[in-house]
Amino acid sequence: MPEAITQPRVVTTDAALALIREIQADYPDILFHQSGGCCDGSSPMCYPADDYIVGDRDVKLGEIGGVPVYISESQFDVWKHTQLIIDVVPGRGGMFSLDNGREKRFLTRSRLFGGGEACPLPPR
């Protein structure tokens with residue numbers, strides 16, 4: 001039986017990495033939390049790490065550019081078979097997200113895992 005191909009649960013585009021670095025010039029220690037709906041749809045929200053309390057039931061998906069990415073446990077149950085791809089598009093960021101006011105915003109794209117891919121979670 002062939003060995004499973006390990007894939008990260010979250011990846012990023014070069015454009016998203018550039019915006020992360022731009023934000024880190026103002027806020028060196030940041031994190032992402034994949035929004036679940038309410039005010040800002042399903043946008044990945046970027047916060048100063050010391051302004052956001054990661055909940056006991058939040059799941060760490062991994063890191064992009066050294067920045068941790070979390071999702072709520074209930075959202076993870078829906079997205080557990082998918083790889084999240086953090087990208088950037090023109091527009092306004094979420095109301096409380098650090099990309100707001102920069103005329104570009106983070107956007108989550110996704111693809112289903114398949115073909116023997118393994119997708120373990122990183123240590124919390």
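Above this text sits the structure in question.
I will try to describe carefully the structure that is included in this document. (Residues numbered from 1 in each chain as written. Predicted model: local features only at pLDDT ≥ 70, side-chain atom pairs only at ≥ 80, totals over all residues. Heavy atoms only, no water.)

### Comments concerning the nonpolar core
Point 1. In terms of nonpolar packing, the biggest core is built from 20 residues, with Phe 32 and Phe 106 touching the most fellow members.
Point 2. Of all the secondary-structure elements, those providing two or more residues to this core are helix H1 (14-26), strand S3 (30-34), strand S5 (58-64), strand S6 (67-72) and strand S7 (82-90).
Point 3. Not counting residues up to four positions away in its chain, the partners in contact with Phe 106 are Ala 16, Leu 19, Ile 20, Ile 23, Phe 32, Pro 44, Cys 46, Ile 86, Asp 87, Val 88 and Asp 99. (Core = buried A, V, L, I, M, F, W, Y, C linked by side-chain atoms within 4.5 Å. Buried < 20%, exposed > 50% of the residue type's maximum accessible area, 1.4 Å probe, protein only. Helix = DSSP H or I, 4+ residues; strand = E, 2+ residues; numbered from the N terminus. Contact = heavy atoms within 4.5 Å.)

### Thoughts on empty space enclosed by the protein
Point 1. Enumeration according to the criterion identifies one cavity of 30 Å³ or more in this entry.
Point 2. Each pocket or cavity is described by its volume, and for the largest cavity that value is around 30 Å³.
Point 3. Taken together, Arg 9, Leu 61, Ile 71, Phe 76, Trp 79, Thr 82 and Leu 84 make up the full set of residues lining the largest cavity.
Point 4. Contributions of two or more residues to the lining of the largest cavity are made by helix H2 (73-79) and S7.
Point 5. Grouping the constituent residues of the lining of the largest cavity by class yields five nonpolar, one polar and one charged. (1 Å grid on protein atoms, 1.4 Å probe; cavity = no way out; pocket = protein on both sides within 12 Å on 5 of 7 lines; lining within 4 Å. Points joined across faces, edges and corners; volume = space filled by probe spheres on them. Nonpolar A, V, L, I, M, F, W, Y, C, P; charged D, E, K, R; others polar.)

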